[in-house]
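# Structural features, examined
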Amino acid sequence: QVQFVESGGGLVQSGGSLTLSCAASGFPFKVHDMSWYRQAPGKTREMVAAITLGGRTNYAGSVKGRFTISRDDDRKTVSLQMNGLKPEDTAVYYCNAYFSDFQPRFRSWGQGTLVTVSS
C-alpha cells in the first residue's frame, strides 16, 4: 500500500536550517509529481513546495526563496531544505503526491515530522 515516512524535523532557533526527507513506497514514484505540505496547530493543511516528475518546482509565497524541494527517483525520496526558518514555519510537515492545484493524490498520509522554530 501507499506509504510515506517523513523525517528530519526538530527544534531550531529562528534563522536556523533543517532538511526534511520523505521516503515513499507503494506506487510508481518516478511518474508522480510530489509535494510537501504542513499543518500548524489550529490551521488547515497547506501546500509548501512541489516538484513535478520533470523537476519543475513551485513554492508557497511564504517560503519562496527560503525553502528548496528536490527529489531522488532512484531512492524514491523527496527532500525539503529549509533555511531562514521563522516561528510561523512551526508545523507538522507531510509529503504526498499531488494532482493539479496541488491537491494531495493519495488519502494515505505518513506520521509527519514536527518542526518547531523558537523566536
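Computed from a prediction, not measured in an experiment: that's the story for all the values here.

## Describing the pairing of strand E9 (residues 91–97)
Burial runs high along E9: six of the seven residues are buried. By the bridge criterion, three bridges tie E9 to strand E10 (residues 113–118) in an arrangement that is antiparallel. Bridged to Val-92 within E10 is Leu-114.

## Remarks on the sheet that holds strand E7 (residues 67–72)
If you trace the four strands from one edge of the open sheet to the other, you get E1-E3-E8-E7, paired in antiparallel fashion. Strand pairing shows two members of the sheet lacking a second neighbour, strand E1 (3–7) and E7, which therefore form its edges. For this sheet the average axis-to-axis angle between neighbouring strands, irrespective of direction, equals 15 degrees. Sheet topology note: the E7/strand E8 (residues 77–82) ladder contains six bridges and is antiparallel. Opposite Arg-71, over in E8, you have Val-78 as the bridge partner.

The rules behind these values
Every chain is numbered independently, its residues counted from 1 as its sequence is written. Local features are withheld for residues below a pLDDT of 70 in this predicted model, meaning they are given only at 70 or higher, and side-chain atom pairs are given and counted only at 80 or more; totals for whole chains, interfaces and linings count all residues. Computation of side-chain values covers all heavy atoms of the structure but excludes hydrogens and water. Each residue is assigned to one of three classes by its accessible area relative to the maximum for its type, calculated with a 1.4 Å probe on protein chains only: buried under 20%, partly exposed between the two thresholds, exposed over 50%. Segments assigned H or I by DSSP are reported as helices when at least four residues long, segments assigned E as strands when at least two residues long, and all are numbered from the N terminus. In short, DSSP must find at least two bridges between two strands for them to pair. For helices, the axis comes from a line fit to the C-alpha atoms of the stretch in contact; other axes are also lines fit to C-alpha atoms, and the angle between any two N-to-C directions lies between 0 and 180 degrees.

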